[in-house]
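Understanding the architecture of this molecule
As a plain string of letters, each chain reads:
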Protein chains: 2
Amino acid sequence: MITPTYKRLTQKVDLVRLCQTLMLVSNVTWIVIEDASTYSKVVTNVLNNCKVKSVHLHEKTTTFVSRRKGGGGHRGVEQRNRGLKWIRDNHGLKDSKMGVVYFGDDDNGYDIRLFHEMRFTSIVSVWPVGFVGMLRYEGPNCQDGRVVSFHTSFRPDRTFPLDMGAFAVNLQILMNKPEVYINHKSAAGMLETTFLSDLEVKPSQLEARANDCKNIYVWHIKTEKPKMPYERQNPGDKTIEV
Amino acid sequence: MITPTYKRLTQKVDLVRLCQTLMLVSNVTWIVIEDASTYSKVVTNVLNNCKVKSVHLHEKTTTFVSRRKGGGGHRGVEQRNRGLKWIRDNHGLKDSKMGVVYFGDDDNGYDIRLFHEMRFTSIVSVWPVGFVGMLRYEGPNCQDGRVVSFHTSFRPDRTFPLDMGAFAVNLQILMNKPEVYINHKSAAGMLETTFLSDLEVKPSQLEARANDCKNIYVWHIKTEKPKMPYERQNPGDKTIEV
C-alpha cells in the first residue's frame, strides 16, 4: 500500500489509525512517503511504534500547479511515484512475483475487507468509494464480477471514472511497464484514467470486488482541522507530541 | 467501553474504524448506544459485522437544553447513562468483579496502548487528550504516577479538569455507588467533575497513565461532514449503504 502524507495537525492521529487498521491485514507492506525534504520526527515515531512492515520515504512536491493557474491541481503525485519506484527497485529482491499495489491516502476510512478482497487481483480490481466526486459514492456498477458502467458526476466520458482509492493493480502489470508513472500533467480528475490507460489496461479487464460493487469498503473523508484558540496563551508542555 | 452514537453522514465509517481499533484489544465489551428511539439498520449492520463483543442499545435524548437557553449543552449523557445502567444490571451475572469502564466517543482517535494501560485501574486512571479544551492537548500533569496539576484553559478551578475521554473508572467504584449517574444538570464543562465527585473519588486517588501523562493516546477529533452537491441530481443506487 502506497500512502502519501503531509504535515498537518491531525497527521499523527490519522497515521496511527491507519497503522492500526493495517495491523489487521496480513502480509502487507506499508510504504509511507512524506511530502517533505527530510524525514519528520512524528512520522518516524508513528512507524517505529507501528506493528506493520513499513517503508519510510520522503519526496518533496515540486510539480504542483494549482488549477487556477491551469494545472491539474494534483497533490500526492510525486509521493505515489516515489512509492512506485521503490516497489519496482525492490521487487527483484523478492522470491515471488505475486503482489498487488494500492494507493491509500492516510485520512481515508477503510473496512479491512477491502484488503482481503484486493489480494486476488489478476489485472486491476475495482470497487466504489464513499463520499467522492461530490456524491454519496462514486465508482463502478457491476454485474457478475464485471463492470457494466460507472456512477459518477464528473466527466462520465472518462475511460476509467475512478478515484485513486477505487482500484488495485497487480504487481506484474506494473513491472511489465516500468516506464509508466502517474502523470502529473494529466488534466484535473484524469490522473487515474491516464495512469490505467498508460498501463494498457482495458475497461473490460476490470475485476469487480466488494459484493459486486454493492458494498462500500473505503470512504474518502477528512479529519476536521482542530481549533485551538487558547493554545498561544497557554501552550502547555511543548515536548508532548500530539 | 461505552460509546454514544448518533445518525450522521459519517456515522458508519466512524463506527467501522472504531470497531477495527477495538478488534486489536482483548477482552473488551463495546456498548454502543444510539441516540434514537429505535435500532437503526446502519448501526446494526456495523455491529453484526464487527468482530468485537458488543451490546447494542438505544436511548433517545430528552433532556438536552442548549447553552443559549441556560443549559449545559451536554449531548450523549442519557446514552452514557443507559450504558452505565446496562453494566450495573448485567454485572452480577459475571464471575469476576474485575473490570474497568471507559467512555469513548465514536469519532475520536485512539492509540490502542490506551486500552492496554487502562486495564490496570484501581480507582480512576487518567491521561491527557489531544485537541480538547481548545488547546493542543488538555489533561493532567503527572509525576511518578500521580497527578500534580492540570493543563487546561477552561475553569482550572474544577476539581477534575478532565475530558470525558481522559479517564477510566474501576467497575467496583461504580458498583459501590449504584445511584450515581452522569448528571445532565451539571453546568457546561462540569459533567466530569460532578460525576467523579459524586463517585466520591479524590484528586489524590487519580492514577497516571500514558508514560506519566506525557504521551497522547486519544485525540478528540471529528470527521469532516462530506459535501455532496451532485447527489440530488445523480443519486445512484439507493440500496448501497455508505
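Residues numbered from 1 in each chain as written. Chains lettered and ligands numbered in written order. Predicted model: local features only at pLDDT ≥ 70, side-chain atom pairs only at ≥ 80, totals over all residues. Heavy atoms only, no water.

Brief notes about the UniProt feature "active site" (unreviewed entry) in chain A
Residues and elements named next belong to chain A.
- In the numbering used here, UniProt assigns the "active site" (unreviewed entry) feature to Glu192.
- In this structure, Glu192 sits in helix α6 (residues 191-198).
- Taking the relative accessible area as the measure of exposure, Glu192 reaches 9% and is therefore buried.
- Beyond its immediate sequence surroundings of up to four residues, Glu192 is in contact with Leu162, Asp163, Met164 and Phe167. (UniProt positions renumbered as here; feature names shortened; annotations may be inferred. Helix = DSSP H or I, 4+ residues; strand = E, 2+ residues; numbered from the N terminus. Buried < 20%, exposed > 50% of the residue type's maximum accessible area, 1.4 Å probe, protein only. Contact = heavy atoms within 4.5 Å.)

Section: the UniProt feature "site: Interaction with galactose moiety of substrate glycoprotein" (unreviewed entry) in chain A
Residues and elements named next belong to chain A.
- On the UniProt side, "site: Interaction with galactose moiety of substrate glycoprotein" (unreviewed entry) is annotated at positions that read Glu138 here.
- Mapped onto the fold, Glu138 is located in strand β8 (residues 137-143).
- For Glu138, a relative accessible area of 5% puts it in the buried group.

Some words on the sheet that holds strand β3 (residues 53-58) of chain B
Residues and elements named next belong to chain B.
- Pairing within the open sheet is parallel, and its three strands lie in the order β1-β2-β3. Both outer strands of the open sheet, β1 (2-5) and β3, are each paired with one neighbouring strand and no more. Across the sheet, the axes of successive neighbouring strands diverge by a mean angle of 20°, strand direction being ignored.
- Sheet topology places strand β2 (residues 29-34) next to β3; six bridges connect them, and they run parallel. For Glu34, the partnering residue across the bridge sits in β3 and is His58.
- Along the sheet, helix α3 (residues 77-91) contacts β1, β2 and β3; its crossing angle with β2, the most-contacted strand, is approximately 135°. (Pairing = 2+ DSSP bridges. Axes fitted to C-alpha atoms, helices over the stretch in contact; angles between N-to-C directions.)

As for the nonpolar core
- Membership of the largest hydrophobic core comes to 144 residues, with the highest contact counts inside it found for Trp30 of chain A together with Trp30 of chain B.
- If we ignore the near neighbours within four places in the chain, the residues touching Trp30 of chain B are Met1, Thr3, Leu15, Leu18, Cys19, Leu22, Leu47, Cys50, Val52, Lys53, Ser54 and Val55 of chain B. (Core = buried A, V, L, I, M, F, W, Y, C linked by side-chain atoms within 4.5 Å.)

As for the pattern of salt bridges
- Counted by the stated rule, this structure contains 26 salt bridges over all chains.
- Of the charged contacts in the structure, one is a salt bridge between Glu241 of chain A and Lys12 of chain A, with a shortest N-O distance of 2.8 Å. Of the two residues, Glu241 of chain A sits in the segment after β12 (218-219) while Lys12 of chain A sits in helix α1 (residues 11-22), which places them 229 residues apart along the sequence.
- Under the relative-accessibility criterion, Lys12 of chain A is labelled buried at 13%.
- Of the charged contacts, one joins Arg17 of chain B and Asp14 of chain B as a salt bridge, the two residues approaching to 3.7 Å between their closest N and O atoms. Of this pair, Arg17 of chain B and Asp14 of chain B both sit in helix α1 (residues 11-22), three residues apart, which is roughly one turn of the helix.
- Judged by its relative accessible area of 2%, Asp14 of chain B is buried.
- What you see here is one network of salt bridges that share partners, running through Arg8, Asp14, Arg17 and Asp106 of chain A. (Salt bridge = Lys/Arg side-chain N within 4 Å of Asp/Glu carboxyl O.)

Describing the relation of the copies chain B and chain A
- The operation relating chain B to chain A is a screw motion whose rotation component is 180°, with 0.0 Å of axial translation and a residual RMSD of 0.0 Å. A rotation of that kind, with that shift, is consistent with a two-fold axis.
- In this assembly the copies share their binding face: 100% of the residues contributing to the interface of chain B also contribute to that of chain A. (Least-squares fit on C-alpha atoms with pLDDT ≥ 70 in both.)

Structural notes on the sheet that holds strand β2 (residues 29-34) of chain A
Residues and elements named next belong to chain A.
- One open sheet accounts for three strands, arranged β1-β2-β3; its pairing is parallel. Each edge of the open sheet carries a strand with a single partner, namely β1 (2-5) and β3 (53-58). Strand after strand, the sheet turns through a mean of 20° between neighbouring axes, direction not considered.
- Here α1 sits on the sheet in contact with β1 and β2, set at roughly 165° to β2.
- In the packing of helix α3 (residues 77-91) onto the sheet, contacts are made with β1, β2 and β3, and the angle to β2 comes to roughly 135°.

Some points on α6 of chain A
Residues and elements named next belong to chain A.
- The complete set of buried residues in α6 reads Leu191, Glu192, Thr193, Phe195 and Leu196.
- Looking at the buried positions of α6, the neighbouring elements they touch are α3, β6 (124-126), β10 (167-170) and α5 (171-176).
- Following α6 by one or two positions, Glu200 has its phi on the positive side, about 60°.

Thoughts on helix α2 (residues 41-49) of chain A
Residue and element names in this part refer to chain A.
- If you check which residues of α2 are buried, you get Val42, Val43, Val46 and Leu47. Projected down its long axis, α2 shows its buried positions confined to an angular sector of 125°, all on one face. For α2, the exposed residues lying more than 90 degrees away from the buried face are Lys41 and Asn48.
- Looking at the buried residues of α2, the elements they touch are β1, α1, β2 and β3. (Arc of directions from axis to C-beta.)

Description of the interface of chain B and chain A
- With 50 residues of chain B at the contact, the number on the chain A side is 50 residues.
- Both sides of the chain B and chain A interface together cover about 4600 Å² of buried area, and 62% of this is carbon and sulfur.
- Of all residues in chain B, the largest losses of buried area upon contact with chain A belong to Arg17, Arg136 and Val242 of chain B, amounting jointly to 15% of the total for that side.
- At the boundary of chain B and chain A, one finds two salt bridges.
- Looking at the side of chain B that touches chain A residue by residue, the classes come out as 22 nonpolar, 14 polar and 14 charged. (Buried area = accessible area lost by both parts, 1.4 Å probe. Nonpolar A, V, L, I, M, F, W, Y, C, P; charged D, E, K, R; others polar.)

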